[in-house]
Amino acid sequence: MNKLQIFDVAPAIPEKLVFLETLAHNLWWSWNYDAIELFRRIDRELWKQTGHNPVLFLQRIPQTNLNELISDDSFMAHLERVRTAFQKCVLGPCEKMPFTYEKEEVIAYFSAEFGLHESVPLFAGGLGVLAGDHLKAASNMGLPLVAVSLLYRHGYFRQQLNNDGWQQESYPPNEIQNLPLTKVKDNAGNHLTIGVPLPDDELQALVWKVQVGRIPLYLLDANVPENSPELHQVTAQLYGGGEQTRLLQELLLGIGGMRALAAMDIHPAVCHMNEGHSAFISLERLHHLMSRHNMNIDTALEVVRRTNVFTTHTPVPAGHDEFPVEMVQPYLKPLQERLGVDADKILEWGRPFDAPAKTPFSMTALALHMAQDCNGVSELHGQVARRMWQSIWPGKPEHEIPIAHITNGVHTPSWISPEHVLLFDRYLGPNWYLHPGRAGMAARIDKIPDDELWRARQLCRTRLVRESRTRFIRQLTERNASRTEIEQARTSLDPNALTIGFARRFAAYKRATLIFRDAERIEAMLSSAERPIQLIISGKAHPDDNDGKELIRRIIQFSQRAGVNHKILFIEDYNIDIARVMLQGVDVWLNTPRRPQEASGTSGMKAAVNGALNLSVLDGWWCEGYDKKRGWSIGHGEEYEDTEFQDDIESKAMYTLLEDQIVPLFYQRSEEQIPLDWVHMMKEAMKMAFCHFSSHRMLREYETSFYVPAVQRHRDLQIDDWAAAHGLAQLQERLRQNWQTVSIETPTTDMQPERLRVGHTFRVATTVHLGALQPNEVVVQCYYGALHLSAAMSDAHTQEMTSVEDLGNGKHRYECTVRCDQTGRFGLTARIMPQGDAWTRNQPGYIIWASDPS
């Protein structure tokens with residue numbers, strides 16, 4: 001018997017309501033409270049059933065409901081209000097920006113995942129959510145940015161726990177027809193496809209677009225008829241499959257992503273790699289410049305490196321993709337032919353300087369070799385990243401490794417509760433989300449009445465309890481739990497109890513079970529009749545991480561103990577929707593990573609902007625955000641080698657904070673039953689998160705520190721048919737040919753050590769052997785700093801030395817004067833580097849010391 005032919009019938013949208021379809025296909029609605037309410041008021045239950053997906057929602061609305069809306073004056077007025085806001089925020093002119101971009105000066109932002117909304121499941125966790133917030137802030141600010149990623153037909157896995165608490169994974173397909181996607185068309189009106197050459201085939205991909213406010217996000221889809229079934233798997237699962245699939249995904253993202261932009265006549269002035277997954281963009285960008293502007297590989301390298309930006313997000317070595325040389329090599333053959341360089345040279349770009357030939361090819365190393373502007377995502381992570389990747393720049397002191405930091409931020413309108421939106425509209429002004437750092441905003445938060453802020457907190461907690469119960473009952477039902485268990489679940493949690501939230505990826509270093517280390521102490525707090533606490537926990541372990549799955553299982557088992565059951569709930573299948581409800585509803589947000597393994601973390605920022613107080617190890621962003629007026633630190637920033645000892649010390653510190661400070665403060669009430677001291681801490685937390693940890697602040701830092709300088713360099717390099725770029729390539733070739741003959745002798749001084757006092761000066765001299773190079777092509781510096789017992793130099797200073805005598809045969813005498821500004825024991829040496837801009841001076845392999853400063 002033949003299969004039934006299946007077809008869908010959607011309602012005919014009346015002309016007066018056509019804007020609803022426009023709105024549904026632009027994710028601007030997802031961070032506009034009034035737009036969300038516009039959909040929600042049509043049919044609240046259907047809105048929930050369709051997972052807050054307006055595309056699917058509009059397909060499911062009965063025709064009669066839509067016809068009735070036309071005659072609803074209130075609804076039509078609401079629709080017109082949202083339409084006006086949409087036209088202003090998405091279609092209208094942007095606010096005047098500090099820097100004026102030319103029409104063709106586009107910033108291309110590449111990421112393997114984007115967490116935009118729960119209805120668009122193209123993300124796994126924090127990296128994707130951060131990327132999504134990046135686009136939303138760019139839309140608000142009017143940045144000329146486009147984004148590129150992959151369209152995963154199955155997304156990331158769905159999580160379900162069995163009766164033992166062990167994580168099970170499933171990969172239901174994304175229903176493409178229910179996503180806000182449109183196919184991109186080429187100039188001939190055909191659906192745009194691009195190809196990526198493989199050793200024995202070509203990987204084809206269809207190009208889709210998702211509109212995020214003003215920002216287009218282009219997605220590449222390998223599920224096309226031209227590809228073999230094996231190649232369909234390239235975009236089947238996010239972070240799915242083995243190494244080979246991951247390599248193909250990253251080739252498609254980088255090389256295919258750049259080709260897609262070129263096919264749409266988009267030629268970025270700046271490319272931003274969000275993690276190393278997209279590092280192959282540099283190889284395609286080199287070819288693009290060579291073919292489009294008739295330049296050689298050396299000139300193209302000078303342009304690409306000065307106009308690429310790279311952000312690294314993980315301080316954990318296992319989080320950086322690398323591939324065996326024998327796996328990568330076949331895929332480099334098409335590239336080496338197009339670039340005119342051999343595969344060995346490309347492989348060099350993907351490993352530390354002078355590393356052995358069999359060293360795995362690192363995507364992070366490739367990105368670092370190809371970007372002048374690199375950064376970690378918090379101040380502490382910047383330090384960790386400089387230490388982790390020092391091998392790329394041999395001879396460079398750690399503090400000079402060219403990896404800066406820009407601390408992550410969050411897109412407040414996407415995460416703030418409806419109750420807080422109303423408060424912010426009332427007391428901060430209607431456009432508060434556009435200018436979070438504007439002077440006076442913090443003072444306005446202070447003016448929110450304590451009783452109104454506390455009422456909002458109670459409403460958010462009540463909604464969290466209600467939603468958690470609903471999800472918990474659904475979980476029990478799916479596991480065929482008894483009727484008694486389900487009835488008991490209906491009264492789980494207390495809407496008035498101090499609620500602590502923990503939600504993140506379940507990796508061992510995040511220590512999800514630390515709060516359960518002393519069962520007796522935590523049980524006493526959970527079962528207290530007068531001042532109870534309760535825990536709501538959520539998160540996924542990577543499918544291959546059995547240690548992470550074991551952490552989940554242990555939590556489930558603990559939560560089933562008599563006396564604490566239904567006071568600890570684990571919410572399955574963590575996603576943006578669950579995160580939003582938790583972040584808006586908890587009183588305390590718990591974070592217990594092993595320092596310094598949390599690069600940044602943004603969940604605590606989202607919780608804080610909703611008035612939750614952080615209880616966290618001083619790691620990631622909390623090192624910058626912590627103040628005793630707005631939260632608590634577990635420990636004082638110590639780092640341990642003995643992890644058992646660490647867990648013992650930090651768990652005890654956490655229990656003491658809960659017992660002695662947090663719980664008493666929460667239950668200390670005024671005559672009006674308001675915990676005034678707690679509310680004052682809430683305000684401090686909200687001011688901190690809103691004013692200092694917003695994605696608008698983050699993006700403005702990217703713009704001023706990286707984007708604008710890179711755009712300006714791009715402008716300067718292309719003047720007179722790329723004359724400056726050609727000049728830099730010639731300089732690079734001259735350095736490459738002559739640097740091996742350069743050396744510097746141990747410096748001499750005229751100091752009298754027994755008589756040196758603060759304020760004294762002395763002369764330093766050295767002889768430099770430049771060979772064929774000239775003094776104006778190098779920088780010679782005296783390098784000095786305090787010595788520790790280990791003889792390592794710290795707090796180093798540099799003093800530029802001047803060429804005072806040509807000694808002949810390429811030898812030159814350099815001198816400078818050093819002033820003694822502080823007491824102590826110091827070390828001194830000298831070094832030589834190329835003269836030039838930041839990339840020229842910082843490029844790997846071009847620094848020579850008279851003696852090792854370490």
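Residues numbered from 1 in each chain as written. Predicted model: local features only at pLDDT ≥ 70, side-chain atom pairs only at ≥ 80, totals over all residues. Heavy atoms only, no water.

1. Details of the environment of Pro11
Test applied: Secondary structure counts use DSSP, requiring at least four H or I residues in a row for a helix and at least two E residues in a row for a strand, with both numbered from the N terminus. Residues count as neighbours in contact if any of their non-hydrogen atoms are within 4.5 Å of one another.
Turning to its location among the elements, Pro11 is positioned in the segment before α1 (19–24). Excluding residues within four positions of it along the chain, Pro11 makes contact with Leu58, Gln59, Ile61, Gln63 and Leu66.

2. Re the sheet that holds strand β20 (residues 631–634)
Across a sheet, paired strands are connected by hydrogen bonds in the backbone, their directions being either parallel or antiparallel. Formally: The pairing criterion is simple: DSSP has to find at least two bridges between the two strands. The axes used here are C-alpha line fits, helices contributing only the stretch in contact, and every angle between their N-to-C directions lies in the interval 0 to 180 degrees.
Across the sheet, which stays open at both edges, the six strands sit in the order β17-β16-β15-β18-β19-β20 with parallel pairing between neighbours. Looking at strand neighbours, the two that pair on one side only are β17 (568–571) and β20, the edges of this open sheet. Neighbouring strand axes in the sheet, compared pairwise and without regard to direction, differ in orientation by 20° on average. Across two bridges, the pairing between strand β15 (residues 498–503) and strand β18 (residues 588–591) is parallel. Its bridge partner lying in β18, Gly501 is registered against Trp589. Along the sheet, helix α26 (residues 643–667) contacts β15, β16 (533–538), β18, β19 (613–617) and β20; its crossing angle with β20, the most-contacted strand, is approximately 165°.

3. Concerning the pairing of strand β24 (residues 778–787)
Let me state the cut-off plainly: Partly exposed describes any residue whose relative accessible area lies between the buried limit of under 20% and the exposed limit of over 50%, with all areas from a 1.4 Å probe on protein chains only and scaled to the type maximum.
In terms of burial, β24 is largely enclosed, as eight of its ten residues are buried. Across nine bridges, β24 lies against strand β28 (residues 826–834) in antiparallel orientation. Looking across to β28, one finds that Val780 is bridged to Ile832.

4. Concerning the side chain of Ser414
Looking at where Ser414 falls in the secondary structure, it is placed in helix α16 (residues 412–415). Note on Ser414: relative accessible area 6%, which makes it buried.

5. Some words on the packing of helix α19 (residues 450–478) against helix α23 (residues 576–585)
Where we set the bar: Throughout, the term roughly parallel applies to angles under 35 degrees, roughly antiparallel to angles over 145, roughly perpendicular to angles from 65 to 115, and oblique to all others. A clockwise turn of the near helix away from the far one marks a right-handed crossing, whereas an anticlockwise turn of less than a right angle marks a left-handed crossing. Polarity classes work like this: nonpolar for Ala, Val, Leu, Ile, Met, Phe, Trp, Tyr, Cys and Pro, charged for Asp, Glu, Lys and Arg, and polar for all others, with Gly in that last group.
Running from N to C, α19 and α23 cross one another at 140°; their axes reach a closest spacing of 7 Å. When the interaxial angle is binned, α19 and α23 end up oblique. α19 and α23 meet at a crossing whose hand is left-handed. On α23, the residues touching Arg457, Cys460, Arg461, Arg463, Leu464, Glu467 and Arg471 of α19 are Asp577, Ile578, Val581, Met582, Gln584 and Gly585. For the contact of α19 with α23, the per-class residue count stands at five nonpolar, two polar and six charged.

6. Concerning the pairing of β28
Where burial is concerned, most of β28 is hidden: seven out of the nine residues are buried. As paired elements, β28 and strand β29 (residues 848–849) share two bridges and run antiparallel to each other. Opposite Arg831, over in β29, you have Trp849 as the bridge partner.

7. Quick notes on the packing of helix α10 (residues 281–293) against helix α11 (residues 297–306)
Direction vectors running N to C along α10 and α11 enclose 120°, while the axes themselves pass 9 Å from each other. In terms of their interaxial angle, α10 and α11 are classed as oblique. Considering only the axes of α10 and α11, their crossing is right-handed. Packed against α10, whose contacting residues are Ser282, Arg285, Leu286, Leu289 and Met290, the element α11 presents Ile297, Ala300, Leu301, Val303 and Val304 at the interface.

8. Digging into the sheet that holds β28
On the basis of which strands lie adjacent, the open sheet formed by four strands has the order β25-β24-β28-β29 and antiparallel pairing. Each edge of the open sheet carries a strand with a single partner, namely β25 (793–800) and β29.

9. Some thoughts on α10
Filter applied, for reference: A helix is expected to span 1.5 Å for every residue after the first.
Between its terminal C-alpha atoms α10 stretches 18 Å, which fits the 18 Å expected from 13 residues at 1.5 Å a residue. Burial in α10 covers these residues: Ile281, Ser282, Leu283, Glu284, Arg285, Leu286, His288, Leu289 and Met290. Backbone geometry just after α10 places Asn294 at a positive phi near 55°.

10. Considerations on unusual backbone geometry
Following Arg595, the chain continues into Pro596 via a peptide bond in cis, with omega recorded as 5°. The residue Pro596 is located in the loop between β18 and α24 (603–609) in this model. Even without glycine at this site, Glu275 takes up a positive phi of about 75°. Looking at where Glu275 falls in the secondary structure, it is placed in the loop between β9 (270–274) and α10. A residue is classified by how much of its surface remains accessible, and Glu275, at 5% relative accessible area, is buried.

11. Quick notes on the packing of aromatic side chains
As a reminder of what qualifies: Each Phe, Tyr or Trp ring, with Trp reduced to its six-membered ring, pairs with another whose centre is within 6.5 Å; inter-plane angles below 30 degrees give stacked pairs, above 60 give edge-to-face pairs, and intermediate values give tilted ones. Only when the NZ atom of a Lys or the CZ atom of an Arg is both within 6 Å of the ring centre and within 35 degrees of the ring normal do we say a charge sits over the ring.
Scanning all chains against the criterion turns up 31 aromatic pairs. A ring pair is formed by Tyr702 and Tyr707, whose centres lie 6.1 Å apart and whose planes are at 20°; its orientation type is stacked. For Tyr702, a relative accessible area of 2% gives the class buried. Counting every residue linked through ring pairs, the aromatic cluster contains Trp454, Trp632, Phe666, Tyr667 and Trp678. Residue placement shows Arg504 over the ring face of Phe502; its charged tip is 4.9 Å from the ring centre.

12. Description of the nonpolar core
Keep this limit in mind: Throughout, nonpolar core names a set of buried Ala, Val, Leu, Ile, Met, Phe, Trp, Tyr and Cys residues whose side chains join them through atoms within 4.5 Å.
Among the nonpolar cores identified, the biggest contains 253 residues, and Leu23, Leu135, Leu252, Phe506, Leu615, Trp678 and Tyr707 are the most heavily contacted of them. Broken down by element, the residue count for this core peaks at twelve residues, all from helix α28 (residues 695–738). Excluding anything up to four places from it in sequence, Phe506 contacts Ala512, Ile537, Ser538, Gly539, Lys540, Ala541, Asp545, Gly548, Leu551, Ile552, Ile555 and Phe570. Ranked by size, the runner-up nonpolar core spans 23 residues in total, among them Ile744, Val778, Tyr784 and Tyr846.

13. Notes on the side chain of Asn591
Spelled out, the test is: Polar contact criterion, stated in full: a pair of N or O atoms within 3.5 Å, where within protein one must be able to donate a hydrogen and the other to accept it, and residues adjacent in sequence count only if both atoms are side-chain atoms.
In this structure, Asn591 sits in strand β18. One polar contact links Asn591 to Arg504, side chain to side chain, over a distance of 3.0 Å.

14. Digging into the environment of Leu699
Along the polypeptide, Leu699 turns up in helix α28. For Leu699, a relative accessible area of 0% translates into the label buried. Separated by 558 residues in sequence, Leu699 and Met141 place their C-alpha atoms 8.8 Å apart. The residues contacting Leu699, other than those within four sequence positions of it, are His134, Ala137, Ala138, Met141, Leu143 and Tyr707.

15. Thoughts on the state of the cysteines
In plain terms, the rule: Note on disulfides: each one is a pair of cysteine sulfur atoms within 2.5 Å.
In the structure shown here, the tally under the stated rule is zero disulfides. Note on Cys94: no disulfide assigned, nearest cysteine sulfur contributed by Cys89 at a separation of 10 Å. Free of any disulfide, Cys782 has its nearest neighbouring cysteine sulfur in Cys816, separated by 4.5 Å.

These values are about where atoms sit, not about what they do.
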